[in-house]
Number of protein chains: 2
Amino acid sequence: MPQNPKSAPGRRTRQRILDVTLALYNEQGEPNVSTSLIAAELGISAGNLHYHFRRKDELSAALLEQFVAELDALLPPAGWRADNVEDVWFLLHLILEALWRYRFLFRDLSGIMARDRRAGTRLATVFERSVQAARGICLGLAERDQLVATGVEIDALSNNIAVVALYWLSFESARHPRRDVAGAGMARGVYQVLMLVAPFLKPEGRLHLERLAQEYLSREEGG
Amino acid sequence: MPQNPKSAPGRRTRQRILDVTLALYNEQGEPNVSTSLIAAELGISAGNLHYHFRRKDELSAALLEQFVAELDALLPPAGWRADNVEDVWFLLHLILEALWRYRFLFRDLSGIMARDRRAGTRLATVFERSVQAARGICLGLAERDQLVATGVEIDALSNNIAVVALYWLSFESARHPRRDVAGAGMARGVYQVLMLVAPFLKPEGRLHLERLAQEYLSREEGG
């Protein structure tokens, strides 16, 4: 007997379905995962799954919703300014982790946007907020006199930070189709973004950042 | 009566089929285009289309083949070094144009790679060659004493040049789902890559590049 999706056990089942679906999507690609595979993996009946999500579309939409909500919670509010390089690091690490958790989305971003206009609009908003967060990094460090750049340079840098942060994992998996990029891929993504910022830091800050970035990278890639 | 695909008119028909398919894929996305739509658009019978390409898979594979061949022809040979900033500019412009012509591919790169291992390997090779071309930009300018960077900086910069060049158009269309990014999107992509290189140029070269980049951008985005 399926549980009422509004009750606590029902909500738990719903979340378990989403967790398992996310894992299968990431492993096999969304188009290759059927609702019967999901039900089998969960050890529940097709009827029970159907009780929570009537179609595969609804599962995919709920996962996109979850991704946007998680990224939304991670991205700093409008007007945020980074205090120091450690702030930047921490933020990037959390964002790359979220992108990795939902990596199936980045396999077919435009497909998702073409099929579902509302999803497209939500993604566009999150992308725009990523560029704003990148601006907050540049402007914060500039205000604290750690970074020197013109307005035009900050505009270009903010865009480049967003592109590298959002697409690094896609790039790595296209480049090394048979390698599992996970942990090392994330560390390298954070490193690549920090190396975009480095040339604009004042000499001491730049050396500090480059040393930290190298250490972090060799620890993550070694471990 | 379909023409022999090996004869000159047969080759012309084959190419016309590929051109129309590419246009439809770019407009509507590969998954939304059927072979009957392609035949209708060409004004030929399903039988004639089938004579040249037996399945949609074969059309998609032939277009991927064409893309890889075009990018391969554009990418400089191993060991190539840029002579000056104008070289870099020209190369980037040609590459961004090719990416725009085959933009349907970048909607579902991982999907293509998952369905077709051989295609995945070819794309990985082209991606790797893009990183090598980016190294040729950095090393060439360094050898001509126009760019100053350590080995570690050149490694990071080469990767960032490749990511921004390859994914800029995807980023722009995700960010502005309803805007046609075409010409302005390409110019902005070239500009964003040049702005990655600028911080490592010597002061005169850097000012020269930034001025040229701004002029180019306002001309392309205005026109």
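In this text, all values refer to a predicted model and were calculated from it rather than measured experimentally.

K.L.:
Looking at this model, I keep getting lost on the overall build of chain A. Mind explaining?
P.N.:
Of regular secondary structure, chain A possesses 10 helices and 0 strands. Starting at the N terminus, the α and β elements of chain A follow one another as α-α-α-α-α-α-α-α-α-α. Its C-alpha atoms give chain A principal-axis dimensions of roughly 65 × 35 × 35 Å. Counting only residues that meet the buried cut, chain A has 36% of its 223 residues in that class. Once local pairs closer than 6 in sequence are excluded, the contacts in chain A between residues at least 24 apart make up 67%.

K.L.:
Can you walk me through the domain arrangement of chain A in this structure?
P.N.:
Many analyses report the size of an interface as the accessible area lost when the parts associate. All names here are of chain A. Examined at the domain level, chain A breaks down into domain 1 (8-54) and domain 2 (61-222). Computed from C-alpha atoms alone, the centre-to-centre distance between domain 1 and domain 2 is 30 Å. Between domain 1 and domain 2, the contact holds 7 residues from the first and 7 residues from the second. Residues of the side of domain 1 that touches domain 2, tallied by class, amount to 3 nonpolar, 3 polar and 1 charged.

K.L.:
Would you take a moment to explain the packing of helix α4 (residues 56-74) of chain A against helix α7 (residues 117-143) of chain A for this structure?
P.N.:
Between two packed helices, the angle of one axis relative to the other and the distance separating the axes together describe the packing. Residues and elements named next belong to chain A. Viewed as axis vectors pointing N to C, α4 and α7 meet at an angle of 20 degrees, and their least axial separation amounts to 10 Å. Between α4 and α7, the angle is such that the two are roughly parallel. Remark: the crossing between α4 and α7 carries left-handed chirality. On the side of α4, the interface is formed by A61, L64, V68, L71 and D72, while α7 contributes A119, R122 and V126. When its residues are assigned to classes, the contact of α4 with α7 shows 6 nonpolar, no polar and 2 charged.

K.L.:
For this particular structure, what's the right way to read the confidence of the model for chain A?
P.N.:
Low-pLDDT portions of the prediction should not be read for the details of their coordinates. Residue and element names in this part refer to chain A. For chain A, the average pLDDT comes to 88, and 91% of its residues sit at 70 or higher. Taken element by element, the predicted model of chain A shows its lowest mean pLDDT in helix α6 (residues 109-115) (68) and its highest in helix α2 (residues 35-42) (96). Reported confidences for the modelled complex are a pTM of 0.89 and an ipTM of 0.88.

K.L.:
Can you help me understand α4 of chain A in this one?
P.N.:
Residues separated by three or four positions in an α-helix point in the same direction, a consequence of the helix having 3.6 residues per turn. Residue and element names in this part refer to chain A. The end-to-end C-alpha distance of α4 is 27 Å, a good match for the 27 Å that 19 residues give at a rise of 1.5 Å each. By the burial criterion, the buried members of α4 are L59, S60, F67 and L71. Taken around the axis of α4, the buried residues stretch over an arc of 100 degrees, which confines them to a single face. Exposed positions of α4 whose direction lies more than 90 degrees from the buried face are D57, E58, A69, D72 and A73. At its buried positions, α4 is contacted by α1 (8-28), α5 (85-101) and α7.

K.L.:
Quick question: what am I supposed to make of the relation of the copies chain A and chain B here?
P.N.:
Mapping one chain copy onto the other needs a rotation about an axis and a shift along that axis. Mapping chain A onto chain B leaves a residual RMSD of 0.0 Å; the transformation is a rotation of 180 degrees accompanied by 0.0 Å of translation along its axis. Classification of the inter-copy transformation places it as that of a two-fold axis. The residues that chain A uses at the interface reappear at the interface of chain B in 100% of cases, marking a shared surface.

K.L.:
Looking at this structure, how should I read the interface of chain A and chain B?
P.N.:
Across the boundary between the two partners, chain A contributes 34 residues, which contact 34 residues of chain B. Within the residue set of the side of chain A that touches chain B, elements represented by two or more residues are α6, α7, α8 (151-175) and α9 (182-197) of chain A. Looking at which element gives the most residues to the side of chain A that touches chain B, the answer is α8 of chain A, with 12 residues. Across the side of chain A that touches chain B, the residue classes break down as 20 nonpolar, 10 polar and 4 charged.

K.L.:
Would you mind showing me how to read the packing of helix α1 (residues 8-28) of chain B against helix α4 (residues 56-74) of chain B here?
P.N.:
Residues and elements named next belong to chain B. Running from amino to carboxyl end, α1 crosses α4 at an angle of 90 degrees, the nearest separation of the two axes being 10 Å. Classed by the angle they form, the pair α1 and α4 counts as roughly perpendicular. Contacts between α1 and α4 involve L18, T21 and L22 from the former and L59, A62, L63 and Q66 from the latter. Here the residues of the contact of α1 with α4 sort into 5 nonpolar, 2 polar and no charged.

K.L.:
Which parts of the structure should I look at to understand unusual backbone geometry?
P.N.:
Most peptide bonds adopt trans geometry, and most residues besides glycine take a negative phi value. In this structure, D145 of chain A takes a positive phi of about 65 degrees despite not being glycine. Inspection of the secondary structure puts D145 of chain A in the loop between α7 and α8.

Conventions adopted
Residues numbered from 1 in each chain as written. Chains lettered and ligands numbered in written order. Predicted model: local features only at pLDDT ≥ 70, side-chain atom pairs only at ≥ 80, totals over all residues. Helix = DSSP H or I, 4+ residues; strand = E, 2+ residues; numbered from the N terminus. Buried ≥ 20, exposed ≤ 12 C-beta atoms within 10 Å, placed from the backbone. Contact = placed C-beta atoms within 7 Å. Domains from an automatic or database assignment. Nonpolar A, V, L, I, M, F, W, Y, C, P; charged D, E, K, R; others polar. Axes fitted to C-alpha atoms, helices over the stretch in contact; angles between N-to-C directions. Parallel < 35°, antiparallel > 145°, perpendicular 65-115°, else oblique. Left-handed = near helix turned anticlockwise from the far one by under 90°. pLDDT = per-residue confidence, 0-100. Expected span 1.5 Å × (residues − 1). Arc of directions from axis to C-beta. Least-squares fit on C-alpha atoms with pLDDT ≥ 70 in both.

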